[in-house]
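# Descriptive structure summary
Spelled out from the first residue to the last, the chains are:
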Amino acid sequence: LLLLLLVMVGLNTAGTRLLSLTRYSDEHGWNVQRPDPWREGWVFTGDRGWFSPTMLANVSIATTVHPRPITIEEAARNLELRIASGGEGLQRIAWEPREIEGCDGMRMTLRFQLSGQPQEVSALVLVRGVYEHRVQVQSIASNARNYDTLIERIVDSADLVVSLYGPELVAGPGAAGLRRPQ
């Protein structure tokens, strides 16, 4: 019984450090890790996601291609609008600028109500020309601190393969024409 208690305390202390992660990559060069054993589905914002076995948290990863280049502030507001369209009482807790692979990013923490339950989203949003890349971890607000280690592991794993695209693809349609002499 003592051994079982020690194992339980050890697992609780280790938290999500023991959770195995697997690399997720999309055709737009967005590479990020996600929890391997979690079940795939669709999160309330309409993005592909993976749900914890307890259903107390999910991770979603997405890339949106815009018709024109987008700023990091626009991309961060886009995420807030996505969340506000399905949730209530959105609160911005943190907006922290980041740079990854030379691309502008924003590390965000947001709180809101979803079906009467307080929720928290920790997200990383990156922009690269017309591409908006995001990864977010959503959890019940009272359990959010349990996922802090997982969030940092996921955010730290994020990278972009910039060399896959020429400048005209990153800059958006018509951008190549802007560089031609008249």
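Residue positions are given per chain, counted from 1 along the sequence in the order it is written. pLDDT decides what is reported in this predicted model: residues at 70 or higher carry local features, side-chain atom pairs at 80 or more are listed and counted, and totals for whole chains, interfaces and linings draw on all residues regardless. Side-chain numbers here rest on the full set of heavy atoms in the structure, without hydrogens or water.

### Here's the deal with helix α3 (residues 148–157)
Those residues of α3 not exposed but buried are Leu150, Ile151, Ile154, Val155 and Ser157. All buried residues of α3 fall inside an arc of 160 degrees around its axis, so they share one side. Exposure categories follow from relative accessible area, calculated using a 1.4 Å probe and restricted to protein chains: below 20% of the type maximum is buried, above 50% is exposed, and the middle band is partly exposed. In this description a helix means any DSSP run of H or I spanning at least four residues, a strand means any run of E spanning at least two, and both kinds are numbered starting from the N terminus. Directions pointing from the helix axis toward each C-beta atom define the arc.

### With respect to the sheet that holds strand β1 (residues 21–25)
By definition, two strands form a pair when at least two bridges between them are found by DSSP. What the three strands build is an open sheet, ordered β1-β2-β10; its pairing is antiparallel. Each edge of the open sheet is held by one strand with a lone partner, namely β1 and β10 (159–160). Sheet topology places strand β2 (residues 30–35) next to β10; two bridges connect them, and they run antiparallel. Looking across to β10, one finds that Trp30 is bridged to Leu160. With respect to the sheet, α3 is in contact with β1, β2 and β10, its orientation differing from that of β2 by roughly 155 degrees. Two residues form a contact once any of their heavy atoms are found within 4.5 Å. Only the stretch in contact is used when fitting a helix axis, every axis being a line fitted to C-alpha atoms; angles between N-to-C directions are given from 0 to 180 degrees.

### Focus: the nonpolar core
The definition of a nonpolar core used throughout is a set of buried Ala, Val, Leu, Ile, Met, Phe, Trp, Tyr and Cys residues joined through side-chain atoms within 4.5 Å. Trp30, Val32, Trp38, Ile61, Leu124 and Val135 are the most contacted members of the largest nonpolar core, which has 23 residues in total. Counting only elements with at least two residues in this core, the list comes to β1, β2, β5 (57–65), β8 (117–128), β9 (131–140) and α3. At four residues, the largest contribution of residues to this core is made by α3. By size, the runner-up hydrophobic cluster in this structure holds 15 residues, among which are Ile70, Ile72, Leu79 and Met106.

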